[in-house]
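# Reading the structure
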Amino acid sequence: KKYKDKLKVPIPEQLVVLVVSTLIVAISGVDVPKVKDIPEGLYSPKMPKFDDVGALVQPSLICTIITYILTVNVCKALGNNYGYEISADQEFVANGICALVGGITGSYLPSGSFSRSALVGEISGPDGTALHNLFSAIMIVIVLLFATPLLYHMPRAIMAAIIYAALKNMITFQTAKRLYKVSKVDFVLWLVAFVFTSLLGVTWGIIISITVSIMLLVKYQARPAARVLGVLKGTTDLCVDIKQFIEAHEIEGVKIFEFQAPLHFANKDHFESRLKKMEARCQWSKLYAVIIDCSSITGIDITCIKMLERLQARYTALNIELVFANWKGRDMRALLDASGLYDTIDPSRFYLDMASALLYTKKIVNDAKAKEINGDALGESVEMVPLTSNESVV
């Protein structure tokens, strides 16, 4: 490596090692696993037979999906190494064209190859171009037509060593160390991909990695994060997680709940359970209002409408006002109108911003406390929640 960078003409050391090792094995006659006989000649182009199309549909679909995923992953790995962007659509078109041509020329199913791509990247570096494919094709034709007998004594161990030497540069353990420090979940995903790819091969490694990723995605969607918010000190409507910001304070009698995912059938029960847990931990003797921060709720399905109606009925029985802030109902108006949600929950309780929701709930708290003062025979004073002058209801 130290001398390679100083050479004006690059020397393909992998090819040199391959030729020298083949000569040594051929001359010495040492007994090692060899490539041995390789069929000579080229496949004559012809149209494929369509007799077994029905039986081949399912396996062909599976092979197509796997090879496409493999190709994109190879491209992304090289793109990360050499700093260029990848277009998955472009790779899809390229794979399709290669498959059509390969169908009449007897080629294998087109796919990206980690070993070959890593070897090309090792030889050409970041300045390499796709022109190497042309020379590779020419060399393959020449070898198949004239040179297959010369490959009889080629040792398989040397071929494996060359591929391993190229692949080791694509395995970055520094990335694993950084992931372990930043995110244990991402580190586990990296570890799963590395272990199963090493033991079972690239195809099974990708299949298992994608399966684990999908399982984690389902888990995050079914049990997303939920937080209790408070108003940050020095502001009137900036709400943050009270566990992360000690400067944040809660408004007496009001709980602000944030659910960090769209509402759907898989997480509606989790939504309800986290709300009930928040209510159970309420530090005040009386809870007057609950604000649902909808800034992360970008969608809602029909199964959650009944859940919201049930929630409204329970809060009505407890004399608790249910309010929605940062509401994105404009994007779901057709569903919400057809579902009749606005018949159960007053549309005026849905606010487009947090400031308006806070102003309304503070008014609710003050009105409730005023009634308690008027109805208290002893006339004990009750501290009111101050309303700031710069808040306005939308």
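Reading guide: rules and limits
Residues numbered from 1 in each chain as written. Predicted model: local features only at pLDDT ≥ 70, side-chain atom pairs only at ≥ 80, totals over all residues. Heavy atoms only, no water. Helix = DSSP H or I, 4+ residues; strand = E, 2+ residues; numbered from the N terminus. Buried < 20%, exposed > 50% of the residue type's maximum accessible area, 1.4 Å probe, protein only. Contact = heavy atoms within 4.5 Å. Areas by Shrake-Rupley, 256 points an atom, 1.4 Å probe, with all protein chains shown as cover. Salt bridge = Lys/Arg side-chain N within 4 Å of Asp/Glu carboxyl O. Axes fitted to C-alpha atoms, helices over the stretch in contact; angles between N-to-C directions. Nonpolar A, V, L, I, M, F, W, Y, C, P; charged D, E, K, R; others polar. Patch = residues over 30% accessible without salt bridge, like charges linked within 9 Å, V, L, I, M, F, W, Y side chains within 5 Å. Lys, Arg positive; Asp, Glu negative; His and termini not counted. Charge placed at Lys NZ, Arg CZ, Asp CG, Glu CD. Parallel < 35°, antiparallel > 145°, perpendicular 65-115°, else oblique.

All right, on to the overall build of the chain then. A tally of regular secondary structure across the chain gives 14 helices and six strands. Here the chain, with 394 residues, has 31% of them falling under the buried criterion. Within the chain, contacts between residues at least 6 apart in sequence are counted, and of these 73% link residues at least 24 apart. Counting every atom, the chain has about 25,000 Å² of accessible surface; 64% of that belongs to carbon and sulfur.

Under the counting rule described, the total for this entry stands at nine salt bridges. The shortest N-O distance in the salt bridge between glutamate 272 and arginine 310 comes to 2.8 Å. Taken together, the positions of glutamate 272 in helix α10 (residues 268-280) and arginine 310 in helix α11 (residues 302-317) put the pair 38 residues apart, joining distant regions of the chain.

For the pair helix α7 (residues 173-182) and helix α8 (residues 184-200), interaxial distance at closest approach is 6 Å and the crossing angle is 145°. Judged by residue contacts, Phe173, Ala176, Leu179, Tyr180 and Val182 of α7 engage Lys184, Asp186, Phe187, Trp190 and Phe194 from α8. Partitioned by chemical class, the residues of the contact of α7 with α8 number eight nonpolar, no polar and two charged.

Our focus in this paragraph is a positive patch on the surface. Positive charge collects at one region of the surface, where Lys219, Arg223, Lys243, Lys277 and Arg281 lie side by side. Take lysine 219: it is sitting in helix α9 (residues 202-222). By relative accessible area, lysine 219 is classed as partly exposed at 45%.

To continue, consider the packing of helix α2 (residues 53-82) against α9. Two elements in contact, α2 and α9, have axes whose closest approach is 10 Å; the angle formed by their N-to-C orientations is 90°. Taken together, the axis directions place α2 and α9 in an arrangement best described as roughly perpendicular. Where α2 abuts α9, its residues Ile66, Ile69, Leu70 and Asn73 lie against Val202, Thr203, Ile206, Ile207 and Ile210. The class makeup of the residues in the contact of α2 with α9 is seven nonpolar, two polar and no charged.

By the secondary structure assignment, phenylalanine 271 is in helix α10. Residues phenylalanine 271 and alanine 261 lie ten residues apart in sequence; the distance between their C-alpha atoms is 9.8 Å. The residues touching phenylalanine 271, leaving out its near neighbours within four places in the chain, are Phe257, Phe259, Leu263, Ile292, Met307, Leu308 and Leu311.

This next bit is on a nonpolar patch on the surface. Where nonpolar side chains cluster on the molecular surface, the patch consists of Leu42, Leu131, Leu134, Phe135, Ile138, Met139, Val141, Ile142, Leu145 and Phe146 and spans about 970 Å² of accessible area. On the secondary structure map, leucine 131 appears in the loop between α4 (114-124) and α5 (132-147). With a relative accessible area of 48%, leucine 131 lands in the partly exposed category.

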